[in-house]
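The residues making up each chain are set out below.
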Amino acid sequence: MGLNTSQYQSVMRIYEQKQSKNRATLHARYEEVYKRSPELKALDESVSALSISYGRQLLNGDQQAMASLKKDMASLREARQELLVSCGFAPDYLEPIYECADCQDTGYIGSQKCHCFKKAVCDILYEQSNLKEILLRENFDTFQLDYYPLNYLETKSGHTYQARAMMVETLAACKEFVRTFRESRGNLFLYGDVGVGKTFLSNCIARDLIEEGFSVIYFSAPTLFNILAQGAFDKNRPESRDMQEYIHECDLLIIDDLGTEFTNNFIVSKFFSCVNERLLNKRSTVISTNLSLDTLADLYTERAFSRITSNYTMLKLVGDDIRIKKKLRRFSEPDRP
Ligand SMILES: [Zn+2]
């Protein structure tokens with residue numbers, strides 16, 4: 001998986017749409033202003049007539065005529081500006097409209113990709129991974145605490161947890177993570193059994209941050225490991241290089257289900273250097289796993305894994321498998337006549 005040609009075209013189409021939408025808005029503004037002030041329209045016509053004469057003088061090389069035309073144009077522009085404001089419009093009402101002034105909605109500054117390009121790529125990836133739809137269903141507003149029992153006996157450890165109270169705290173920690181995201185750029189590690197709501201929680205976080213305009217990329221661990229492997233072996237493919245760049249640079253990287261991938265030492269080391277680089281560059285990561293911390297430490301070596309445990313807020317989720325609970329609840333609802 002990488003940013004293939006059609007995805008690249010989709011990104012460029014976003015820019016074209018922005019440009020044409022803003023051109024249409026500007027056009028409508030001109031009509032509105034001209035309707036309210038025909039004098040302003042006349043002034044604009046004079047300015048463009050003068051510009052044409054100026055162009056002609058430029059070709060003729062008549063310096064004196066050019067200087068006087070330039071002066072005329074400046075005073076016309078000034079008069080036009082005053083007229084615009086006196087009609088009750090903002091002074092910049094007829095200026096070109098850009099969502100990103102840095103690249104003027106082209107995605108590029110010279111030959112370099114603009115910072116907004118990254119966001120556009122994430123939006124496309126989201127669009128295509130159906131995540132947008134999921135985020136409508138799975139967000140902080142739809143999170144249900146009553147799926148978590150007050151007390152939960154974990155059979156494998158024999159330990160009883162106050163599952164709901166723990167979840168209240170976890171939920172608060174996730175909301176805090178979102179609230180302070182811009183300044184603190186934290187990292188979360190969500191662990192617990194299958195079906196206790198880890199993916200749901202990462203979706204809640206993703207939705208809020210996407211809405212705030214951050215670039216968020218979501219991967220299941222097997223997909224991410226595949227991409228890391230591809231990049232390692234296929235350096236000549238630009239789209240795979242691009243994808244590596246997004247993985248390293250997006251504001252939030254969500255890695256779901258760590259420990260489920262089949263992999264080798266080389267790719268594992270790529271993974272940890274990715275985690276490490278994100279830490280050094282203050283890019284946030286949310287990792288979730290079904291495995292216990294001991295198992296993960298065995299799987300990835302203690303030393304590598306300790307980078308995570310010492311730099312992430314570790315949140316343990318306990319409870320019954322919510323997917324099963326949801327199904328049971330559906331079955332136990334009485335049939336309506
Ligand atoms: Zn831009």
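The rules behind these values
Residues numbered from 1 in each chain as written. Predicted model: local features only at pLDDT ≥ 70, side-chain atom pairs only at ≥ 80, totals over all residues. Helix = DSSP H or I, 4+ residues; strand = E, 2+ residues; numbered from the N terminus. Rg over C-alpha atoms; globule rule 2.2 N^0.38 Å. Buried ≥ 20, exposed ≤ 12 C-beta atoms within 10 Å, placed from the backbone. Contact = placed C-beta atoms within 7 Å. Pairing = 2+ DSSP bridges. Axes fitted to C-alpha atoms, helices over the stretch in contact; angles between N-to-C directions. Core = buried A, V, L, I, M, F, W, Y, C linked by C-beta atoms within 7 Å. Parallel < 35°, antiparallel > 145°, perpendicular 65-115°, else oblique. Left-handed = near helix turned anticlockwise from the far one by under 90°. Nonpolar A, V, L, I, M, F, W, Y, C, P; charged D, E, K, R; others polar. Domains from an automatic or database assignment.

Helix and strand content of the protein: 14 helices and nine strands. Its C-alpha atoms give the protein a radius of gyration of 28 Å, more than 25% over the compact-globule value 20 Å for 337 residues. Projected onto its principal axes, the C-alpha coordinates of the protein cover approximately 95 × 60 × 40 Å. For the protein, with 337 residues in total, the buried portion stands at 25%. Residue pairs in contact within the protein that sit at least 24 positions apart in sequence constitute 75% of those at least 6 positions apart.

Let us now look at the sheet that holds strand E7 (residues 252-256). In spatial order, the strands read E6-E7-E8-E5-E9; together these five strands make up an open sheet with parallel pairing. The open sheet has two edge strands with one neighbour each: strand E6 (216-220) and strand E9 (313-316). Mean inter-strand twist for the sheet, computed between neighbouring axes without regard to direction, equals 15°. Here five bridges tie E6 to E7, and the two strands are oriented parallel to one another. Looking at the pairing, Ser-220 lines up with Asp-256 of E7.

Counting 55 residues, the largest nonpolar core has Leu-190, Ile-205, Val-216, Ile-217 and Ile-254 as its most contacted members. The residues touching Ile-254, leaving out its near neighbours within four places in the chain, are Ser-202, Ala-206, Val-216, Tyr-218, Phe-219 and Val-286.

Here we take up the packing of helix H6 (residues 163-179) against helix H8 (residues 198-211). It is the contact of H6 with H8, at a shortest axis distance of 10 Å, that shows an interaxial angle of 25°. The angle between the axes of H6 and H8 places the two elements in the roughly parallel class. Of the two elements, H6 crosses H8, and the hand of that crossing is right-handed. Mapping the contact onto sequence places Cys-174, Phe-177 and Val-178 in H6 and Leu-201, Cys-204, Ile-205, Asp-208 and Leu-209 in H8. Partitioned by chemical class, the residues of the contact of H6 with H8 number seven nonpolar, no polar and one charged.

Phi is positive for Asp-257, which is not a glycine, with a value near 65°. Note that Asp-257 resides in the loop between E7 and helix H11 (265-280). If you check the backbone angles, Thr-301 has positive phi at about 75° while not being a glycine. Structurally, the position occupied by Thr-301 is in the loop between helix H12 (293-300) and helix H13 (302-311).

To continue, consider the pairing of strand E5 (residues 188-191). Residues Leu-188 and Leu-190 point to one face of E5 and Phe-189 and Tyr-191 to the other, with burial holding for every one of them. By the bridge criterion, four bridges tie E5 to strand E8 (residues 284-289) in an arrangement that is parallel. Looking across to E8, one finds that Leu-190 is bridged to Ser-288. Bridge count for E5 against E9 is four bridges, and the pairing is parallel. Across the sheet, Phe-189 pairs through a bridge with Met-314, a residue of E9.

You can read the domains of the protein as domain 1 (5-109) and domain 2 (129-331). On a C-alpha basis, the centroid separation for the pair domain 1 and domain 2 is 48 Å.

Between H12 and H13, the shortest axis-to-axis distance is 7 Å and the interhelical angle comes to 130°. By the angle between their axes, H12 is oblique relative to H13. On the side of H12, the interface is formed by Leu-296, Ala-297 and Tyr-300, while H13 contributes Glu-302, Ala-304 and Phe-305. Tallied by class, the residues present in the contact of H12 with H13 amount to five nonpolar, no polar and one charged.

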